[in-house]
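Residue-level structural notes
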Amino acid sequence: MPATNHCIYWSTIEHDSWKLHIARTENGLCYVGSPEESYEEFTTYVKKRFPAATLEKNDEMLRDYVQELMVYLKGLRQEFSLPVDIQGTPFQQRTWRALKEIPYGQTFSYSEIADCIGGPTAVRAVATAIGANPLLITVPCHRVIGKNGAMSGYRGGLSFKRFLLELEAQNSKEE
């Protein structure tokens, strides 16, 4: 459980026409936003997860995270190494761990993720857990698509999801 009175540090990443809010606790990255998200949506989301926290803009505290994400967005990084502070239910945690196992440049269906976590009939619950993922990109929920191969919902928007999948497909072939 997070401390009752702590600070969430935040910054922004600008890439092409996108601006993403990111945030961290003392323990690690706790939030990566979407390009279509306003500052108000960002603060509402973070305050819901960390109600007693204060928000402080601090580019220095997020410098290493910004750098890792920017290198990824340029197609030069496939994995993230910095610590995260991702909080959720045990089911969400299992689902998010399964997402981190999807190889760069590949996709899984919601039912394949359900199978991975030992709940083949829990496809809807898996979709809900994926939708609650606070760490876009770093916990790669963009790698989950419909069983028929169709793009499905993504907090970052389908155009951003398409960009991430194309970026990974292009750079995984170059190896």
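Summarised in this report is the structure supplied together with it.

1. Some remarks on the overall build of the protein chain
The number of helices and strands found in the protein chain is six helices and six strands. If you list the helices and strands of the protein chain from N to C, you get β-β-β-α-β-α-α-β-α-α-β-α. Rg of the C-alpha trace for the protein chain: 16 Å, near the compact-globule value of 16 Å for 175 residues, within the 12% margin. Its C-alpha atoms give the protein chain principal-axis dimensions of about 45 × 35 × 25 Å. Sorting the 175 residues of the protein chain into buried and exposed places 50% on the buried side. Within the protein chain, counting contacts between residues at least 6 apart in sequence, those at least 24 apart form 60% of the total. Of the accessible surface of the protein chain, which amounts to about 9100 Å², a share of 51% is contributed by carbon and sulfur atoms.

2. With respect to the sheet that holds strand β1 (residues 7-15)
Pairing is mixed across the open sheet formed by four strands, whose spatial order is β3-β2-β1-β4. Because the sheet does not close on itself, it has two edges, and the strands there are β3 (29-32) and β4 (54-57). Between one strand axis and the next, the sheet turns through 30 degrees on average, direction left out of account. Pairing geometry for strand β2 (residues 18-24) and β3, over three bridges, is antiparallel. Looking at the pairing, R24 lines up with L29 of β3. Where helix α1 (residues 39-49) meets the sheet, it contacts β1, β2, β3 and β4, and its direction lies at approximately 25 degrees from that of β2. Strand contacts of helix α2 (residues 59-73): β1, β2, β3 and β4, with the helix running at about 35 degrees to β1, the strand carrying the most contacts.

3. A word on the packing of helix α3 (residues 90-100) against helix α5 (residues 123-131)
Two elements in contact, α3 and α5, have axes separated by 9 Å at closest approach and are oriented at 80 degrees. Between α3 and α5, the angle falls in the class roughly perpendicular. Together, F91, Q92, T95, W96 and L99 of α3 and A125, V126, A129 and I130 of α5 make up the contact between the two elements. Looking at the contact of α3 with α5 residue by residue, the class counts come to seven nonpolar, two polar and no charged.

4. As for the pattern of salt bridges
Taken as a whole and judged by the stated rule, the model has five salt bridges. The partner of R63 in a salt bridge is D64, with the nearest N and O atoms 3.3 Å apart. Exposure remark for R63: the relative accessible area of 45% places this residue in the partly exposed category. Note on D64: relative accessible area 36%, which makes it partly exposed. Put simply, R143 and E168 hold a salt bridge, and the shortest N to O gap is 2.8 Å. Of this pair, R143 sits in the loop between α5 and β6 (144-145) while E168 sits in helix α6 (residues 158-173); the two residues are 25 residues apart in sequence, bridging distant segments of the chain. Here the two residues R143 and E168 agree in accessibility, since each one is buried. Connected via shared salt-bridge partners are E60, R63 and D64.

5. Comments concerning the packing of aromatic side chains
Taken as a whole, this structure holds ten aromatic pairs when the rule is applied. Measuring from centroid to centroid gives 6.0 Å for Y39 and F42, while their planes differ by 50 degrees, and the two rings are tilted. Of this pair, Y39 and F42 both sit in helix α1, three residues apart, which is roughly one turn of that helix. Here the aromatic residues W10, Y31, Y39, F42 and Y45 are joined through ring pairs into a cluster of three or more. Directly above the aromatic system of Y45 lies the positively charged group of R155, at a separation of 5.2 Å from the ring centroid.

Criteria and thresholds
- Residues numbered from 1 in each chain as written.
- Predicted model: local features only at pLDDT ≥ 70, side-chain atom pairs only at ≥ 80, totals over all residues.
- Heavy atoms only, no water.
- Helix = DSSP H or I, 4+ residues; strand = E, 2+ residues; numbered from the N terminus.
- Rg over C-alpha atoms; globule rule 2.2 N^0.38 Å.
- Buried < 20%, exposed > 50% of the residue type's maximum accessible area, 1.4 Å probe, protein only.
- Contact = heavy atoms within 4.5 Å.
- Areas by Shrake-Rupley, 256 points an atom, 1.4 Å probe, with all protein chains shown as cover.
- Pairing = 2+ DSSP bridges.
- Axes fitted to C-alpha atoms, helices over the stretch in contact; angles between N-to-C directions.
- Parallel < 35°, antiparallel > 145°, perpendicular 65-115°, else oblique.
- Nonpolar A, V, L, I, M, F, W, Y, C, P; charged D, E, K, R; others polar.
- Salt bridge = Lys/Arg side-chain N within 4 Å of Asp/Glu carboxyl O.
- Phe/Tyr/Trp six-rings, centres within 6.5 Å; stacked < 30°, edge-to-face > 60°.
- Lys NZ or Arg CZ within 6 Å of the ring centre and 35° of its normal.

Shape is all these values report; function is a separate question.
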